[in-house]
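What follows is the residue order along each chain.
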Amino acid sequence: MNIANFPWLTTIILFPIAASLLLPIIPDKDGKTVRWYSLIVGLIDFALIVYAFYTGYDFSNPDLQLVESYPWVPQLGLNWSLGADGLSMPLILLTGFITTLAILAAWPVTLKPKLFFFLILAMYGGQIAVFAVQDMLLFFLVWELELVPIYFLLSIWGGKKRQYAATKFILYTAGGSLFILLSSLTMGFYGDTVTFDMRSLALKDYALNLQLLLYAGFLIAYAVKLPIIPLHTWLPDAHGEATAPVHMLLAGILLKMGGYALIRMNAQMLPDAHAYVAPALVVLGVVNIIYAALTSFAQRNLKRKIAYSSISHMGFVLIGIASFTDLGLSGAVLQMVSHGLIGASLFFLVGATYDRTHTLMLDEMGGVGKRMRKIFAMFTTCSMASLALPGMSGFVAELMVFVGFATSDAYNPTFKVIVIFLMAVGVILTPIYLLSMLREIFYGQENEELVSHQALIDAEPREVFIIACLLIPIIGIGFYPKLLTQMYDATTVQLTARLRDSVPTLTAGKALETVSLNAPIIGN
């Protein structure tokens, strides 16, 4: 077979799932063989992802690449249809990278290790499928199947309230998924032809009222996953009970599924409705930034504090998507990747700190930096990345969203000034709660009761390696954003042009400009 025609995406999706099925028959008493096997599978799949995109992906092509399509259930019009463009490619790479590190982060797991790593590998393939599938029914199926591993990872390996957190997670996300199914079926059966191919659906001429209804259905589902306030309450509970590797998957990948789907379905497939709803997305983004930042500031539980910080940072994604500028949309995609890396690093360090102190309450910590110098240094560096320190990826992403929205001609100046002011307030609040968190954990006098009962051992080489792997792209993107933006610029520019064509005021302005250029010069 010609390597150019090799089914790379199918292989990347099915390989970890197929490998996970072998875990139950692997002879292993203490879990060592299972974890090495899982790590090797993760590394191989990530290597396949890198090779496939290095050899078969053209950065200058805005359309789908590595396209595969096979009839699956012809009676239902269901096809195994895959492809990757600038929206999905960075997130597929992020999924492979974060999941492989999450497997390494799960090294200490001793409770039912075969089941744990089976769920991680099955989730690996499922999450890549969410970003690669190009059939709406297939998208709904992989979106639903991906929820099952997270439910069990929370309910079996979580904290004291794990059953409550897992149940709340599945109710919120599965309930939201019903809107994906209803909207997908409506789009598929609309018009003269029945199809669930995303490219074909985007070309259908939907009535505006129907577009708005479909947009609302998708928005509810993706607002849960992003998450958008007030559909966010499952996330602090899930993070509050999860283990470190599950934290990394939730913060690093799961939230990005909501942002990706919002761009892919809502903006790309329903542009006319997006033109009407975009101002509401901006308002929701501002609410996310301010409300979640203030709530994070008030949290005394370390996991919940970082969870609300994640919700706050995802507000910039909403504003970037609704900016109607190349720079704003590019910043939204960059923010998703950047936050995936930063969120995974912070939650991993939260888990490492908890493993040593056996407490998540900030009131019970204090002065532990004297005994855990490496963890202190890594936690500080990752917190600086989260508060958008220049030279880190978070700074570039948020700056692009700021400038993109500020230069947008789709909104009136008064609205833009108010939004930019509130965004700036959110940016100011972030260092306040993150620096105060660092002070309460690492500075001041040691808590004598904590020190006398816990062995505060510093970071081991495995933990340093994981954080180093996450910091390299965070700093690399911070100093050279083109490292990432060149991967998706062609796609976001094309999408922005289509979105701008759907805004009545911009379209009218363009028509007026054309008339003025073609008009004869008076006096000649």
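Keep in mind that what you see is a predicted model, and the values were worked out from it rather than measured.

### Points about the overall build of the protein chain
For the protein chain, the count of helices and strands is 21 helices and 2 strands. In terms of C-alpha radius of gyration, the protein chain reaches 23 Å, essentially the compact-globule figure of 24 Å for 524 residues. Along the first, second and third principal axes, the C-alpha atoms of the protein chain reach 90 × 55 × 40 Å. The contacts of the protein chain with a sequence gap of at least 6 include a subset with a gap of at least 24, amounting to 80%. Of the accessible surface of the protein chain, which amounts to about 20700 Å², a share of 68% is contributed by carbon and sulfur atoms. On the protein chain, the mean spot of the 30 positive side-chain charges and the mean spot of the 32 negative ones are 8 Å from each other.

### Points about the state of the cysteines
This model, assessed by the stated rule, comprises 0 disulfides. There is no disulfide at Cys382, and the cysteine sulfur nearest it, in Cys469, is 12 Å away. Overall, Cys382 belongs to the buried group, its relative accessible area being 1%.

### Remarks on the nonpolar core
With 190 residues, the main nonpolar core has Phe139, Tyr222, Met248 and Leu470 as its most contacted residues. Broken down by element, the residue count for this core peaks at 17 residues, all from helix H11 (residues 244-269). When sequence neighbours within four positions are dropped, the list of residues in contact with Tyr222 reads Phe139, Trp143, Ile180, Gly258, Ala261, Leu262, Met265 and Asn266.

### Some remarks on the side chain of Ser81
Examined against the element boundaries, Ser81 turns out to sit in strand S2 (residues 78-84). Overall, Ser81 belongs to the buried group, its relative accessible area being 3%. Apart from the residues lying within four places of it in its own chain, the contact partners of Ser81 are Glu68, Ser69, Ala132, Val133, Gln134, Asp135, Leu138 and Asp197.

### A short note on the pattern of salt bridges
Inspection of every chain in the model, using the stated rule, returns 10 salt bridges. The partner of Arg356 in a salt bridge is Glu463, with the nearest N and O atoms 2.7 Å apart. Separated by 107 residues along the polypeptide, Arg356 in helix H14 (residues 326-357) and Glu463 in helix H19 (residues 461-479) bring together distant segments of the chain. Note that Arg500 is salt-bridged to Asp409, the shortest N-O span being 2.9 Å. Of this pair, Arg500 sits in helix H20 (residues 482-501) while Asp409 is found in the loop between helix H16 (393-406) and helix H17 (413-442), placing the two residues 91 residues apart along the sequence. Looking at Arg500, the relative accessible area reads 25%, which means it is partly exposed. The network of salt bridges with common partners includes Lys168, Asp237 and Arg304.

### Observations regarding the packing of helix H3 (residues 89-105) against helix H4 (residues 113-132)
It is at 9 Å that the axes of H3 and H4 come closest, and there the two elements cross at 170°. If you check the angle between H3 and H4, you find them roughly antiparallel. Between H3 and H4, the contacting residues are Leu91, Ile92, Thr95, Gly96, Thr99, Thr100 and Ile103 on the first element and Phe117, Ile120, Leu121, Tyr124, Gln127, Ile128, Phe131 and Ala132 on the second. Class assignment of the residues belonging to the contact of H3 with H4 gives a composition of 10 nonpolar, 5 polar and no charged.

### Re the packing of helix H12 (residues 271-298) against H17
Interhelical geometry of H12 versus H17 gives an angle of 25° and a closest axis separation of 9 Å. Here H12 is positioned roughly parallel relative to H17, judged by the angle of their axes. Judged by the twist between their axes, the crossing of H12 over H17 is left-handed. Together, Pro279, Val282, Val283, Val286, Ile289, Ile290, Ala293, Leu294, Ser296 and Phe297 of H12 and Phe415, Val419, Leu422, Met423, Val425, Gly426, Leu429, Ile432, Tyr433 and Ser436 of H17 make up the contact between the two elements.

### Side note on the environment of Ser386
Counting through the fold element by element, Ser386 comes out in helix H15 (residues 373-386). Separated by 151 residues in the primary sequence, Ser386 and Leu235 place their C-alpha atoms 18 Å from one another. Not counting chain neighbours up to four residues away, the residues in contact with Ser386 comprise Ser309, His313, Ile342, Leu346, Glu398, Thr430 and Leu434.

### Observations concerning helix H2 (residues 32-56)
Over its 25 residues, H2 runs 36 Å from end to end, which matches the ideal 36 Å to within 8%, given 1.5 Å per residue. Val34, Arg35, Ser38, Leu39, Val41, Gly42, Asp45, Ile49, Ala52 and Phe53 are the residues of H2 that are buried. Those residues of H2 that are buried lie in contact with helix H1 (8-20), strand S1 (65-73), S2, H3 and H4.

### Describing the confidence of the model for the protein chain
Counting all residues, the mean pLDDT for the protein chain is 90, and 96% of those residues have values of 70 or more. For the stretch residues 514-524, pLDDT sits under 50, and the model shows 0 contacts to residues farther than four places along the chain or on other chains.

### A look at the environment of Ile180
By secondary structure assignment, the location of Ile180 is in helix H7 (residues 162-189). Residue classification places Ile180 among the buried positions, given a relative accessible area of 0%. Between the C-alpha atoms of Ile180 and Ala280, which are 100 residues apart in sequence, the distance is 20 Å.

### Thoughts on unusual backbone geometry
For the peptide bond that leads from Leu226 to Pro227, omega is -10°, which places it in the cis range. Tracing the backbone shows Pro227 in the loop between helix H9 (208-225) and helix H10 (234-241). For the peptide bond that leads from Ile229 to Pro230, omega is 15°, which places it in the cis range. Secondary-structure assignment places Pro230 in the loop between H9 and H10. Positive phi is not limited to glycine here, since His358 has a value of about 55°. Considering the arrangement of structural elements, one finds His358 in the loop between H14 and H15. Of note in this structure, Ala388 is not a glycine but carries a positive phi near 65°. The exposure class assigned to Ala388 is buried, which follows from its relative accessible area of 12%.

Each value, and the rule that gives it
- Residues numbered from 1 in each chain as written.
- Predicted model: local features only at pLDDT ≥ 70, side-chain atom pairs only at ≥ 80, totals over all residues.
- Heavy atoms only, no water.
- Helix = DSSP H or I, 4+ residues; strand = E, 2+ residues; numbered from the N terminus.
- Rg over C-alpha atoms; globule rule 2.2 N^0.38 Å.
- Contact = heavy atoms within 4.5 Å.
- Areas by Shrake-Rupley, 256 points an atom, 1.4 Å probe, with all protein chains shown as cover.
- Lys, Arg positive; Asp, Glu negative; His and termini not counted.
- Charge placed at Lys NZ, Arg CZ, Asp CG, Glu CD.
- Disulfide = S-S within 2.5 Å.
- Buried < 20%, exposed > 50% of the residue type's maximum accessible area, 1.4 Å probe, protein only.
- Core = buried A, V, L, I, M, F, W, Y, C linked by side-chain atoms within 4.5 Å.
- Salt bridge = Lys/Arg side-chain N within 4 Å of Asp/Glu carboxyl O.
- Axes fitted to C-alpha atoms, helices over the stretch in contact; angles between N-to-C directions.
- Parallel < 35°, antiparallel > 145°, perpendicular 65-115°, else oblique.
- Nonpolar A, V, L, I, M, F, W, Y, C, P; charged D, E, K, R; others polar.
- Left-handed = near helix turned anticlockwise from the far one by under 90°.
- Expected span 1.5 Å × (residues − 1).
- pLDDT = per-residue confidence, 0-100.

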